[in-house]
Amino acid sequence: MRIIPPITFFLLITSVLSVFLLSGDVLTLFGYNFALEGGSFVFKVHPAFYLLFFSFASLLLYRDSMSLIKCIFMSKTSFILLTLCIICFLYQVLALSQPMAPFIVTWLTPLLFVIVYDFLNDKQIRLIGNVVLILVIINSCLGIFEYALGEPIVPRTYYSMEDNDLLDISEWEFSRAVAFYGHPLIATLTSSVVVIGLYAKSNFESLSKSELCCLCITLLALPAFGGRASIAVSIFLLVMITLYKFKNVITGYGTTKFAFLFFSILIITMPLVLLLLLNLGLFDALLSRIDDDNGSAETRLTALYIFFDTSFSELIFGDYNKQLFTRQLLYGTKYGIEIFWLAIVLQFGFIISGFLVYFLFYIIRKIQYSVGHFTLWSSLSFLLAISSGTGLASKTLSLSHFVLISLFLLYPKSRYQQSNL
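Since this is a predicted model, take the numbers as computed values, not measurements. (Residues numbered from 1 in each chain as written. Predicted model: local features only at pLDDT ≥ 70, side-chain atom pairs only at ≥ 80, totals over all residues. Heavy atoms only, no water.)

1. Description of the overall build of the protein
Turning to step 1, where the next piece is worked out: Tallying secondary structure elements over the protein gives 19 helices and 2 strands in all.
Turning to step 2, where the next piece is worked out: Per-residue burial over the protein gives 51% buried out of 421 residues.
Turning to step 3, where the next piece is worked out: Element-wise, carbon and sulfur atoms account for 69% of the exposed surface of the protein, whose accessible area totals about 20,400 Å². (Helix = DSSP H or I, 4+ residues; strand = E, 2+ residues; numbered from the N terminus. Buried < 20%, exposed > 50% of the residue type's maximum accessible area, 1.4 Å probe, protein only. Areas by Shrake-Rupley, 256 points an atom, 1.4 Å probe, with all protein chains shown as cover.)

Encoded structure:
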């Protein structure tokens, strides 16, 4: 049953817009203290959640609103998800004395997008998909422009946990674009999901001109954003999907003459295109970062040391002694535990981490069921990329990006067309 009314849908669209446009740096320009230390809890929650809340609240404006709300939130799956969310939230806040905002932003917001998805009709899904497509293209173009300009469009803010104060980073050397994503690692991760998802979708159906444009521009923006793990994952999965395509070309399975010709030209010209981009200097900063590891590999090894230096009770129940940050400083890593799967265990413990992993794989299964099996490629790229870094253990919109791209941008045209027959 798909019943989302107009006002509710409009607020949902504005929430989607805020996910891709209102980064912490953008919000700081308007005096909204989302990404920095201190300030009211109200400003620590991203506007996307508030807009989602108002979207659901607007259902009260319609007749039989309570039955509508009950239908959305009290279905068996939604009830289980929200109950587990409440358990995790209360445990994190009451037992671990951790801030409330990270869980709301990182986990609850994308789960609400998943819950409301089943109540959207196909035209609404396609409209949101077009909005997401435009937003991704805007961010990719802005990232390339920032990289060519040599400085960010939106002034960046940096809070030092060592000095407990804001730092002036205006004199820092520019190396990676950010666009409206808020952080180069989030930007690269999101772009990786787009590139892998659309390229895998091309196995299922032909891409539209706008989708093909989005794929090319986002692929070009990857080195500008510069997240090495996401770029490595993208290259690996692009090669794997290409080999799968090549098998179909050789066997002739589901391949037209035009597709065979296009694929052959692509294979022949790709090395020349890469060489041209290399000579233009697009990969210079990326190659420099790869050449200078800057301690990244050592940071991952340090995460293992911290894990093995943590007591068994803390691994089960989380950082209830508030010693994790002290351990990080003692081991010389101030940016968090940069192996996501270890980070959630060290922060929340195995019990709550089990619920969070369930949320994650439920979302992936939901995407696969609702959109298609080809989304397993983009889901794999997301899982592999978030593994290198703090990932979803901190306050981030990465999971919301992944959910919106997978459910709406990758939604097959054929399914939409069949629904109108």
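2. Here's the deal with the nonpolar core
Burial of nonpolar side chains together is a common tendency in soluble globular proteins.
Turning to step 1, where the next piece is worked out: With 119 residues, the main nonpolar core has Phe20, Phe359 and Phe382 as its most contacted residues.
Turning to step 2, where the next piece is worked out: At 15 residues, the largest contribution of residues to this core is made by helix H16 (residues 340–370).
Turning to step 3, where the next piece is worked out: When near neighbours in sequence (up to four residues on either side) are disregarded, phenylalanine 359 contacts Leu81, Leu84, Cys85, Cys88, Phe103, Trp107 and Leu111. (Core = buried A, V, L, I, M, F, W, Y, C linked by side-chain atoms within 4.5 Å. Contact = heavy atoms within 4.5 Å.)

3. Description of helix H18 (residues 398–409)
Turning to step 1, where the next piece is worked out: Between its terminal C-alpha atoms H18 stretches 15 Å, which fits the 16 Å expected from 12 residues at 1.5 Å a residue.
Turning to step 2, where the next piece is worked out: For H18, the tally of buried residues reaches 12 of 12 residues, placing the bulk of the element in the interior.
Turning to step 3, where the next piece is worked out: Residues of H18 that are buried: Ser398, Leu399, Ser400, His401, Phe402, Val403, Leu404, Ile405, Ser406, Leu407, Phe408 and Leu409. (Expected span 1.5 Å × (residues − 1).)

4. Examining unusual backbone geometry
Turning to step 1, where the next piece is worked out: Positive phi, close to 55°, is recorded for serine 97, a residue that is not glycine.
Turning to step 2, where the next piece is worked out: Topologically, serine 97 is positioned in the loop between helix H5 (76–95) and helix H6 (101–117).
Turning to step 3, where the next piece is worked out: The exposure class of serine 97 is partly exposed, given its relative accessible area of 49%.
Turning to step 4, where the next piece is worked out: In this structure, lysine 322 is a non-glycine residue whose phi angle is positive, near 55°.

5. Quick word on a nonpolar patch on the surface
Turning to step 1, where the next piece is worked out: Taken together, Leu301, Leu304, Tyr305, Phe308, Leu330 and Tyr331 make up a surface patch of nonpolar side chains, about 660 Å² in accessible area.
Turning to step 2, where the next piece is worked out: Here the element with the most residues in the nonpolar patch is helix H13 (residues 296–308); it accounts for 4 residues.
Turning to step 3, where the next piece is worked out: Of the residues examined, tyrosine 331 reaches a relative accessible area of 33% and is grouped as partly exposed. (Patch = residues over 30% accessible without salt bridge, like charges linked within 9 Å, V, L, I, M, F, W, Y side chains within 5 Å. Salt bridge = Lys/Arg side-chain N within 4 Å of Asp/Glu carboxyl O.)

6. Observations regarding the pattern of salt bridges
Turning to step 1, where the next piece is worked out: On inspection of all chains with the given rule, the structure shows 4 salt bridges.
Turning to step 2, where the next piece is worked out: Across the pair glutamate 211 and lysine 201 runs a salt bridge whose closest N-O atoms are separated by 2.7 Å. You can see glutamate 211 sitting in helix H9 (residues 209–225) and its partner lysine 201 sitting in helix H8 (residues 184–204), a full 10 residues away along the chain.
Turning to step 3, where the next piece is worked out: Judged by relative accessible area, lysine 201 falls into the buried class, the value being 0%.
Turning to step 4, where the next piece is worked out: Note that glutamate 314 is salt-bridged to arginine 327, the shortest N-O span being 2.8 Å. A residue pair is termed long-range when its members are at least 10 positions apart, and glutamate 314 in helix H14 (residues 312–317) and arginine 327 in helix H15 (residues 324–330) qualify at 13 residues.
Turning to step 5, where the next piece is worked out: Several salt bridges share partner residues, and in doing so they unite Lys201, Glu205 and Glu211 into one network.

7. Quick word on the packing of H8 against H9
Turning to step 1, where the next piece is worked out: Put simply, H8 and H9 touch, their axes get as near as 9 Å, and they point 145° apart. Note on packing geometry: the crossing formed by H8 with H9 is left-handed. Facing H8, whose interface residues are Pro184, Ala187, Thr188, Ser191, Ser192, Val194, Val195, Leu198, Tyr199 and Lys201, H9 presents Glu211, Cys214, Leu215, Thr218, Leu219, Leu222 and Phe225.
Turning to step 2, where the next piece is worked out: Looking at side-chain class alone, the contact of H8 with H9 contains 11 nonpolar, 4 polar and 2 charged residues. (Axes fitted to C-alpha atoms, helices over the stretch in contact; angles between N-to-C directions. Left-handed = near helix turned anticlockwise from the far one by under 90°. Nonpolar A, V, L, I, M, F, W, Y, C, P; charged D, E, K, R; others polar.)

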